[in-house]
Structure formats: structure tokens, C-alpha cells
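Survey of secondary and tertiary structure
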Amino acid sequence: MAFQDAPVDHLTRRRIEAQVLKPLIRLLEERLGREEARRILSQALNSISREDGRALAERLGRNDLKAFRDHVLPMWSGSGHMDLEVLESAPGTLEFDVTRCDYLVLYRELGLEDYAEVLSCDRDWAFLEGFNPDLRLRRDETLARGDGCCAFRYTSDR
């Protein structure tokens with residue numbers, strides 16, 4: 001299912017994914033080990049996220065940082081599933097911190113906290129690659145790793 005066609009909000013979509021994936025994750029861990037399970041899961045989810053990014057860019061008819069800022073940021077901040085503070089929003093730069101994330105809470109509730117980065121955080125790069133491979137994301141801090149925030153730093157030369 002493509003990103004724009006999702007009949008449920010994003011957190012609900014991630015809940016459904018995680019509930020379906022949890023037994024598969026445990027089976028992969030049992031048979032292949034934790035690291036290989038994480039690698040396989042990451043590849044599969046990044047493929048989905050890359051397609052979601054492509055689909056959004058196609059639907060918007062543009063894929064620059066301004067389009068990302070104007071459409072993705074309101075979706076994330078307006079969902080009520082995370083608290084974020086925009087630090088800088090200028091041509092070529094978008095910087096914000098996420099200080100509360102219900103996605104992490106969800107994975108904790110499901111006993112998948114150790115997979116939060118694979119199930120959610122790490123997918124941001126694949127989404128961005130699908131949306132526009134020329135945009136860059138740096139994130140040195142995440143709540144999932146125990147940091148005080150998720151520090152999103154997007155840049156573009158255009």
C-alpha cells in the first residue's frame with residue numbers, strides 16, 4: 001500500500017506493521033540471529049519507505065526541501081504523535097528536534113523497543129532517498145538511543 005493511500009493514520013499503520021512483524025522478528029532471531037534479523041527487516045522496511053517517499057514526491061509534483069517542509073513536517077507535527085520544535089527553516093536548511101515520540105512508546109508497549117530504530121527511525125533516510133536523493137539528513141541523536149531528542153538536520157544545495 002502506498003503512503004498516500006493509507007486509510008489509517010501513520011501511528012496506526014506502524015502499530016499494525018509491528019504487530020504483524022513481531023512474530024516474524026522473533027522467528028528470524030531464533031533461526032538467523034539478532035543481527036541478521038535486523039538486517040533483513042531493515043532492508044524490507046527501507047524498500048517500503050523508499051517507495052513511500054517516491055509516491056509522495058509524485059503526488060506533490062515536486063520533491064524539493066520546501067515541498068518536504070510544507071507537507072511532511074505538518075503531517076508529523078499535526079498528528080499529535082510527537083512533539084517537535086523547529087530550530088531553523090530557511091532555503092536549503094530544515095532543522096528540528098523531536099522531544100516526544102509516540103512511535104517509541106508504541107514499540108515499548110509491544111516489547112520491540114530494541115527494534116525501534118529499525119522499525120521507525122532508520123527508515124527516514126530511505127524515505128528521503130525516495131522523495132529526493134539529493135536531500136540530506138543528519139541525525140546524531142535519537143530518543144530510541146536514550147538521547148534527549150531526535151535531532152533532525154535536513155539540507156539541500158538547491
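Because the structure is predicted, anything quoted here is derived from the model rather than measured.

Each helix and strand counted, the protein chain has six helices and four strands in total. Mapped in sequence order, the helices and strands of the protein chain form the string α-α-α-β-β-α-α-α-β-β. At 16 Å, the protein chain has a C-alpha radius of gyration in line with the 15 Å of a compact globule built from 158 residues. Classification of the 158 residues of the protein chain by burial places 45% in the buried group. The contacts in the protein chain between residues at least 6 apart in sequence include a share of 59% that link residues at least 24 apart. Roughly 8,200 Å² of accessible area belongs to the protein chain as shown, and the carbon and sulfur atoms make up 50% of that amount.

Another point: the packing of helix H3 (residues 65–78) against helix H6 (residues 123–131). Contact geometry of H3 with H6 gives a least axis separation of 13 Å together with a crossing angle of 145 degrees. Considering how the two elements wind past one another, H3 and H6 form a crossing that is right-handed. Residues Ala-67, Phe-68, Val-72 and Trp-76 of H3 form the contact with H6, whose own contacting residues are Asp-124, Phe-127, Leu-128 and Phe-131. Looking at the contact of H3 with H6 residue by residue, the classes come out as seven nonpolar, no polar and one charged.

It is worth spelling out the sheet that holds strand E2 (residues 93–101) at this point. Sheet strands pair via backbone hydrogen bonds, and the direction of the pair is either parallel or antiparallel. Across the sheet, four strands lie side by side as E1-E2-E4-E3; this open sheet has antiparallel pairing. Whereas interior strands pair on both sides, the edge strands pair on one side only; in this sheet they are strand E1 (82–90) and strand E3 (136–138). Strand-to-strand, the axes of this sheet are offset by a mean angle of 20 degrees, without reference to chain direction. Here E1 pairs with E2 via eight bridges, running antiparallel. By the bridge assignment for E2, Asp-83 is matched with Arg-100. Along the sheet, helix H4 (residues 102–109) contacts E1 and E2; its crossing angle with E2, the most-contacted strand, is approximately 40 degrees.

With that out of the way, let us pick up the pairing of E2. Taken together, E1 and the strand that follows it, E2, pair antiparallel across an intervening segment of two residues, in which Gly-92 is found at a positive phi of about 85 degrees. Bridging between E2 and strand E4 (residues 150–155) involves six bridges; their strand directions are antiparallel. Within E4, the residue paired with Leu-94 across the bridge is Tyr-154.

An α-helical turn contains 3.6 residues, so a residue and the one three or four places further along point in the same direction. In helix H1 (residues 10–32), a bend of some 40 degrees at Leu-21 exceeds every other bend along the element, and Pro-23, a proline, comes one to four places later. Among all positions of H1, only His-10, Leu-11, Arg-13, Arg-14, Glu-17, Ala-18, Leu-21, Ile-25 and Leu-28 are buried. In this structure, the buried side of H1 is in contact with helix H2 (34–60), H4, helix H5 (116–121) and H6. Its side-chain oxygen at 3.2 Å from the backbone nitrogen of Leu-11, Asp-9 defines the N-terminal cap of H1.

A word on the nonpolar core. Grouped together as the largest cluster of nonpolar side chains are 40 residues, with contacts concentrated most on Phe-68, Leu-119 and Tyr-154. Secondary structure elements with two or more residues in this core: H1, H2, H3, E2, H4, H5, H6 and E4.

What follows is about the packing of H2 against H6. Where H2 meets H6, the closest approach of the two axes is 6 Å, and the angle between their N-to-C directions is 40 degrees. Taken together, the axis directions place H2 and H6 in an arrangement best described as oblique. The chirality of how H2 crosses H6 is right-handed. Residue-level contacts link Leu-45, Asn-46, Ile-48, Ser-49, Arg-50, Asp-52, Gly-53, Arg-54, Leu-56, Ala-57 and Leu-60 of H2 to Arg-123, Ala-126, Phe-127, Glu-129, Gly-130 and Phe-131 of H6. When the residues that make up the contact of H2 with H6 are grouped by side-chain class, the tally is eight nonpolar, four polar and five charged.

Quick notes on the rules
Residues numbered from 1 in each chain as written. Predicted model: local features only at pLDDT ≥ 70, side-chain atom pairs only at ≥ 80, totals over all residues. Heavy atoms only, no water. Helix = DSSP H or I, 4+ residues; strand = E, 2+ residues; numbered from the N terminus. Rg over C-alpha atoms; globule rule 2.2 N^0.38 Å. Buried < 20%, exposed > 50% of the residue type's maximum accessible area, 1.4 Å probe, protein only. Contact = heavy atoms within 4.5 Å. Areas by Shrake-Rupley, 256 points an atom, 1.4 Å probe, with all protein chains shown as cover. Axes fitted to C-alpha atoms, helices over the stretch in contact; angles between N-to-C directions. Left-handed = near helix turned anticlockwise from the far one by under 90°. Nonpolar A, V, L, I, M, F, W, Y, C, P; charged D, E, K, R; others polar. Pairing = 2+ DSSP bridges. Bend = angle between axes of the 7 residues up to and from the residue. Polar contact = N/O pair within 3.5 Å; in protein donor to acceptor, adjacent residues only side chain to side chain. Core = buried A, V, L, I, M, F, W, Y, C linked by side-chain atoms within 4.5 Å. Parallel < 35°, antiparallel > 145°, perpendicular 65-115°, else oblique.

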